[in-house]
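Architecture at a glance
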Amino acid sequence: LKSIYFTDADTGFATGMYIDTSNFTGAGIILKTIDAGQTWHNINDPGGVVMSSINFVDSQIGYATGFDGATLKTTNAGGAFSGILPIAEKENKMNIYPNPASVIVTLNIDNINNADLTLNIYNVIGTLVKTEILKQKNSQINIGDLSNGVYMISIKSKDLNENQKLIIQR
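**Comments concerning the packing of aromatic side chains**
If you walk through the whole model with that rule in mind, you get three aromatic pairs. Arranged with centres 6.0 Å apart and planes meeting at 20 degrees, the rings of Tyr 5 and Phe 56 form a pair that is stacked. With Tyr 5 in strand S1 (residues 3-6) and Phe 56 in strand S5 (residues 51-56), this pair connects stretches of sequence that are 51 residues apart. We classify Phe 56 as buried; its relative accessible area is 5%. A centroid spacing of 4.5 Å and a plane angle of 25 degrees characterise the contact between Phe 13 and Phe 56, whose relative ring orientation is stacked.

**Quick notes on the confidence of the model for the chain**
Here the chain averages 80 in pLDDT, and 81% of its residues register 70 or above. Strand S3 (residues 25-33) is the least confidently modelled element of the chain, averaging 77 in pLDDT, while strand S11 (residues 128-134) averages 92, the highest of any element. Counting contacts from residues 85-90, a segment whose pLDDT is below 50, to residues more than four positions away or on other chains yields eight contacts.

**Looking at the environment of Gly 28**
Among the structural elements, Gly 28 can be located in strand S3. Residue Gly 28 is classed as buried on the basis of its relative accessible area of 2%. Each C-alpha atom of the pair Gly 28 and Val 50 lies 4.3 Å from the other, and the pair is 22 residues apart in sequence.

**Focus on the nonpolar core**
Leu 107, Ile 143, Ile 153, Ile 155 and Leu 166 are the most contacted members of the largest nonpolar core, which totals 19 residues. Going through the elements one at a time, strand S8 (94-97), strand S9 (104-109), strand S10 (117-122), strand S13 (149-156) and strand S14 (161-168) are the ones with two or more residues in this core. Contact partners of Ile 155, with chain neighbours within four places excluded, come to Met 94, Leu 107, Ile 109, Leu 117, Thr 118, Leu 119, Leu 134, Leu 160, Asn 161 and Glu 162. Of all hydrophobic cores here, the second largest spans eight residues; its members include Met 51, Phe 56, Ala 64 and Leu 72.

**Overview of the pattern of salt bridges**
Close approach of charged atoms allows side chains of opposite charge to pair. Applying the stated criterion across every chain yields a total of one salt bridge. When the shortest N-O distance is used, the salt bridge between Lys 130 and Asp 145 registers 3.3 Å. Of this pair, Lys 130 sits in strand S11 while Asp 145 sits in the loop between strand S12 (138-142) and S13, and the two are 15 residues apart along the sequence. Overall, the relative accessible area of 14% leaves Lys 130 in the buried class. What makes Asp 145 exposed here is its relative accessible area of 54%.

Scoring rules and cut-offs
Residues numbered from 1 in each chain as written. Predicted model: local features only at pLDDT ≥ 70, side-chain atom pairs only at ≥ 80, totals over all residues. Heavy atoms only, no water. Phe/Tyr/Trp six-rings, centres within 6.5 Å; stacked < 30°, edge-to-face > 60°. Helix = DSSP H or I, 4+ residues; strand = E, 2+ residues; numbered from the N terminus. Buried < 20%, exposed > 50% of the residue type's maximum accessible area, 1.4 Å probe, protein only. pLDDT = per-residue confidence, 0-100. Contact = heavy atoms within 4.5 Å. Core = buried A, V, L, I, M, F, W, Y, C linked by side-chain atoms within 4.5 Å. Salt bridge = Lys/Arg side-chain N within 4 Å of Asp/Glu carboxyl O.

Take a look at the structure:
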């Protein structure tokens, strides 16, 4: 889970990701409790997008946000979250292949300014498991030390901030 928010003493919401360890697939989730956290129920499937934050402006209207600006909204106290709100399409500046990968992954990055790039790899619970500084547009990264599973690759520089999912499967 990435975020939790209670609108009153009994009603709360949590966002995050569910991982099926039998086949290393995952999906974003939004959970709700109406008994102060004793039980939780999945109320929304955000289509595989990991929702990283949830907040309410009042008891009825709330927003959940996730990777790449994905945003969901509820106007009925979480009875249902509407579809992903329109997001300005952005050009993908990072290509990862192969994906799924086993030992080596190649990153092709549109790095116009030739600035040093920081590569961070996070596991599904958000723990940083690998960091490298990249100096080339095309880089090969050895991921042989990482276990099978779903990861998030983050590339950052002064002018670039890209995130993509990586699946490691051997």
